[in-house]
Amino acid sequence: MENLDQTDITILRILQNDSKKTAKEIAKILNLTPSPVYERIRRLENQGFIKKYVAILDKKLIERSVTTICQVSMRYHSEAFIEKFEEQIQNLDEVQECYHMAGQVDFILKINTKGLEDYHNFVKYKLSKIENIGVLNSTFVLKDIKNSSEFYI
């Protein structure tokens, strides 16, 4: 962050909110010309501040309205078992996010499915096939209160 000035930070804020904004539109907001804004955006991309541009889909419209937070505890905690779990979880399309945790559980998964039956089938036919899972604890989201992909900068 020490390499960023206020203009860079403002550009990042704008793009986090709407990644379809063009350099020309951002330049107008900042009272700058498009060329330096375009160059700044490219530099931010090249330096890794901007990882990628995505469209955030409406989970109800794509029929993935049931969000489950699944806590996973492993039976064994060797490096090989942890690496294998991390590798296998990458192949499960239903898993939107996976975090390796410190504390009472080893991993937390965020899973979106069409309904409870789909979640049940996911656990039964996919997640349960991963070796070394000791305990699964699933909780279901009743209502999204805050769901943001933006970082406060």
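Criteria and thresholds
By convention here, each chain's residues receive numbers from 1 onward along its written sequence. The predicted origin of the model limits local features to residues at a pLDDT of at least 70 and limits the giving and counting of side-chain atom pairs to 80 or more, whereas totals for whole chains, interfaces and linings rest on all residues. Only hydrogens and water are removed before side-chain values are computed, so all heavy atoms of the structure are retained for them. By convention in these notes, a salt bridge is any Lys or Arg side-chain nitrogen within 4 Å of a carboxyl oxygen on Asp or Glu. For every residue, the accessible area (1.4 Å probe, protein chains only) is compared with the maximum for its type, and the residue is labelled buried under 20%, exposed over 50%, or partly exposed between those bounds. Nonpolar core, defined: a set of buried Ala, Val, Leu, Ile, Met, Phe, Trp, Tyr and Cys residues in which side-chain atoms within 4.5 Å join the residues together. In this text, helices come from DSSP runs of H or I with a minimum length of four residues, and strands from runs of E with a minimum of two, each type numbered from the N-terminal end. By the convention used here, residues are in contact when the closest approach between their heavy atoms is within 4.5 Å. UniProt positions are given in the numbering used here, feature names are shortened, and annotations may be inferred rather than shown by experiment. Strand pairing is assigned whenever DSSP detects at least two bridges linking the two strands. A fitted line through C-alpha atoms represents every axis, and for helices the fit uses only the stretch in contact; the resulting angles, taken between N-to-C directions, go from 0 to 180 degrees.

Caption draft 1: Quick peek at the pattern of salt bridges. If you walk through the whole model with that rule in mind, you get 10 salt bridges. Between Asp18 and Lys21 there is a salt bridge, and its shortest N-O distance comes to 3.9 Å. Asp18 gets classed as partly exposed once you look at its relative accessible area, which sits at 28%. Among the charged side chains, a network of salt bridges with common partners joins Asp5, Asp8, Arg40 and Arg43.

Caption draft 2: Representation of the nonpolar core within the structure. Counting residues in hydrophobic clusters, the biggest one holds 17 residues, and the most contacted among them are Val72, Phe85, Ile89, Leu109, Phe122 and Leu127. Looking at this core, the elements with two or more residues in it are strand S1 (66-74), helix H4 (79-89), strand S3 (107-113) and helix H5 (116-125). When near neighbours in sequence (up to four residues on either side) are disregarded, Phe85 contacts Val72, Met74, Cys98, Phe107, Leu109, Ile130 and Ile133. With 13 residues, the next largest nonpolar core counts Ile11, Leu15, Val37 and Ile50 among its residues.

Caption draft 3: Structural detail: the UniProt feature "domain: HTH asnC-type" (unreviewed entry) in the protein chain. Feature annotation in UniProt assigns "domain: HTH asnC-type" (unreviewed entry) to the following positions: residues 4-65. A helix fraction of 53% and a strand fraction of 0% characterise residues 4-65, whose end C-alpha atoms lie 38 Å from each other.

Caption draft 4: Focus on the sheet that holds S3. Taking strand neighbours across the sheet as the criterion, the 4 strands line up as S2-S3-S1-S4 in an open arrangement whose pairing is antiparallel. Since the sheet does not close on itself, it has two edges, and those belong to strand S2 (95-100) and strand S4 (133-140), each with one partner. Pairwise comparison of adjacent strand axes, ignoring direction, gives a mean angle of 20° for this sheet. Pairing geometry for S2 and S3, over 5 bridges, is antiparallel. Across the sheet, the residue bridging to His100 is Phe107, located in S3.

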